[in-house]
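Structural characterization, general
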Amino acid sequence: MQDATFALFDETGGKLKELTTGFLGEVLVSVLPAGRYAVVQVKAASGYVIDPAKYTANVEDGKESVIEIKNKGLQGSLKVILTDTAKKPLQGGSFGVYKVDGTKLSDLSSDGSGEAYLSSLEKGDYYVMQSKAPEGYTMDTGKHSFTVSGSGQEQMDIVNTPMLGRLEAIVTDKKDSKPIQSVVLGVFNANNDRVGEIVSDYDGYAYSANLGYGEYYLTVLKAPEAYAVDYTRYNFTIGKDKATVNVKLDEAQGKVRVIKEDYRGKGVSGSIFDVYD
């Protein structure tokens, strides 16, 4: 390692000089009288950590004493953040971390915050590749390169795209199965958030926009006057198979009010009436 600096001391502890390594990582001190000496590193090469140990050597006339000192590289860390296209953190994504030559170092998995960490990375070039996506998402297939140049933390942001599906709702008369037009249906997710509103067409069909994989439910918001609003929750799942929900409505039930009065307009009780269709 070039540009590492060392202090040379005699046996009394007196500092004799400072020495700096050259291109080959070596430094040579010539014409030293025989005796006991100590070497202490005072500066490391860029990207490396000083070795704090004191190294001693006995110099004899006509002989060469060699001291070999090894420096560890500064170690950095990696933080991977996995989100969807709406910046929602995703748990359960898996990643491989590799050296630039393809050597695999570690497997990582994103936590509840969508994050995964790897520490103790030495100076050098690396890359990350996703090996598994959370359920309902499409895996990123890119190679994400990064460089560790010191003791800092490198951050890698990876985005997974939600897999999408659609809902088909079929609205019919419960009695005779004829299609019902103009029924307004609300689409809600598992958190009870309304994520869409659809209306049945002439054939009783209604289609949602694309929905991410997951659990949902459908409920009637408004029906034509001839039909009663059905407050049932129709649960469905958006996944690889098409989601179809059959909604059947009852005809609205009307009421008849009969008022019996005498000639003075006073109500009369006890009368019985027959009602015919």
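Each remark here, short or long, concerns the structure printed above.
In short, a report on the structure. (Residues numbered from 1 in each chain as written. Predicted model: local features only at pLDDT ≥ 70, side-chain atom pairs only at ≥ 80, totals over all residues. Heavy atoms only, no water.)

**Regarding the overall build of the protein chain**
In terms of regular secondary structure, the protein chain is built from zero helices and 21 strands. A compact globule built from 277 residues should have a C-alpha radius of gyration of about 19 Å, whereas the protein chain, at 40 Å, is more than 25% larger. Over its C-alpha atoms, taken along the principal directions, the protein chain stretches across nearly 145 × 40 × 20 Å. Looking at the protein chain residue by residue over its 277 residues, the buried ones come to 35%. Surface summary for the protein chain: the accessible area is close to 17,900 Å², and the carbon and sulfur share equals 48%. (Helix = DSSP H or I, 4+ residues; strand = E, 2+ residues; numbered from the N terminus. Rg over C-alpha atoms; globule rule 2.2 N^0.38 Å. Buried < 20%, exposed > 50% of the residue type's maximum accessible area, 1.4 Å probe, protein only. Areas by Shrake-Rupley, 256 points an atom, 1.4 Å probe, with all protein chains shown as cover.)

**Observations regarding the sheet that holds strand 17 (residues 205-207)**
Overall, mixed pairing links the three strands, which are arranged 17-14-21 in an open sheet. Looking at strand neighbours, the two that pair on one side only are strand 17 and strand 21 (243-249), the edges of this open sheet. Neighbour to neighbour, the strand axes of the sheet diverge by 20° on average, direction disregarded. The sheet contact formed by strand 14 (residues 167-173) and strand 17 spans three bridges and is antiparallel. What sits directly across from Ala-169, in strand 17, is Ala-206. (Pairing = 2+ DSSP bridges. Axes fitted to C-alpha atoms, helices over the stretch in contact; angles between N-to-C directions.)

**As for the pairing of strand 16 (residues 194-199)**
Judged from the five bridges that link them, strand 15 (residues 184-189) and strand 16 form a sheet pairing that is antiparallel. Counted as the bridge partner of Val-187 is Gly-196 from strand 16. Where strand 15 folds back on strand 16, the antiparallel hairpin that results is connected by four residues, among which Asn-192 adopts a positive phi of roughly 70°.

**Considerations on the side chain of Ser-200**
Relative to the assigned elements, Ser-200 resides in the loop between strand 16 and strand 17. Looking at Ser-200, its side chain comes within polar contact range of the main-chain oxygen of Ile-180, at 2.9 Å. A polar side-chain atom of Ser-200 sits 2.9 Å from the main-chain amide nitrogen of Val-183. If we skip the residues at most four places from it in the chain, Ser-200 touches Val-171, Ile-180, Gln-181, Ser-182, Val-183, Tyr-205 and Ala-206. (Polar contact = N/O pair within 3.5 Å; in protein donor to acceptor, adjacent residues only side chain to side chain. Contact = heavy atoms within 4.5 Å.)

**Observations concerning the packing of aromatic side chains**
What the rule picks out here adds up to five aromatic pairs. Both rings, one in Tyr-205 and one in Tyr-207, keep their centres 6.2 Å apart while their planes meet at 10°; by these two values the pair is stacked. Among the residues examined, Tyr-207 registers a relative accessible area of 42% and is labelled partly exposed. Considering the side-chain rings of Tyr-216 and Phe-236, the 5.6 Å spacing of their centres and the 15° angle between planes classify their relative orientation as stacked. Of the two residues, Tyr-216 is situated in strand 19 (residues 214-222) and Phe-236 in strand 20 (residues 234-238); the sequence distance between them amounts to 20 residues. On the accessibility criterion, Tyr-216 (12% relative accessible area) is buried. Of the residues examined, Phe-236 reaches a relative accessible area of 5% and is grouped as buried. Over the aromatic face of Tyr-127 sits the side chain of Lys-143, whose NZ or CZ is 4.5 Å from the ring centroid. The ring of Tyr-217 is capped by Arg-233, whose NZ or CZ atom sits 4.0 Å from the centre of that ring. (Phe/Tyr/Trp six-rings, centres within 6.5 Å; stacked < 30°, edge-to-face > 60°. Lys NZ or Arg CZ within 6 Å of the ring centre and 35° of its normal.)

**Observations regarding the sheet that holds strand 12 (residues 153-162)**
The mixed open sheet is built from four strands, whose spatial order is 8-5-12-10. Edge positions in the open sheet fall to strand 8 (115-122) and strand 10 (137-138), since each of these has one partner strand only. Relative to strand 8, strand 5 (residues 75-84) runs antiparallel, the two sharing six bridges. When the bridges of strand 8 are listed, Ile-81 appears paired with Glu-115.

**A look at the environment of Val-39**
Structurally, Val-39 can be placed in strand 3 (residues 35-43). Non-local contacts of Val-39, meaning those with residues more than four positions away in its chain, are made with Phe-6, Ala-7, Leu-8, Ala-53, Lys-54, Tyr-55, Ile-67 and Ile-69.

**Quick look at the nonpolar core**
Leu-185, Leu-218, Phe-236 and Leu-249 are the most contacted members of the largest nonpolar core, which totals 22 residues. A per-element tally of this core places strand 21 first, with four residues. Residues Leu-90, Phe-95, Ala-133 and Tyr-137 belong to the second largest nonpolar core, which totals 18 residues. (Core = buried A, V, L, I, M, F, W, Y, C linked by side-chain atoms within 4.5 Å.)

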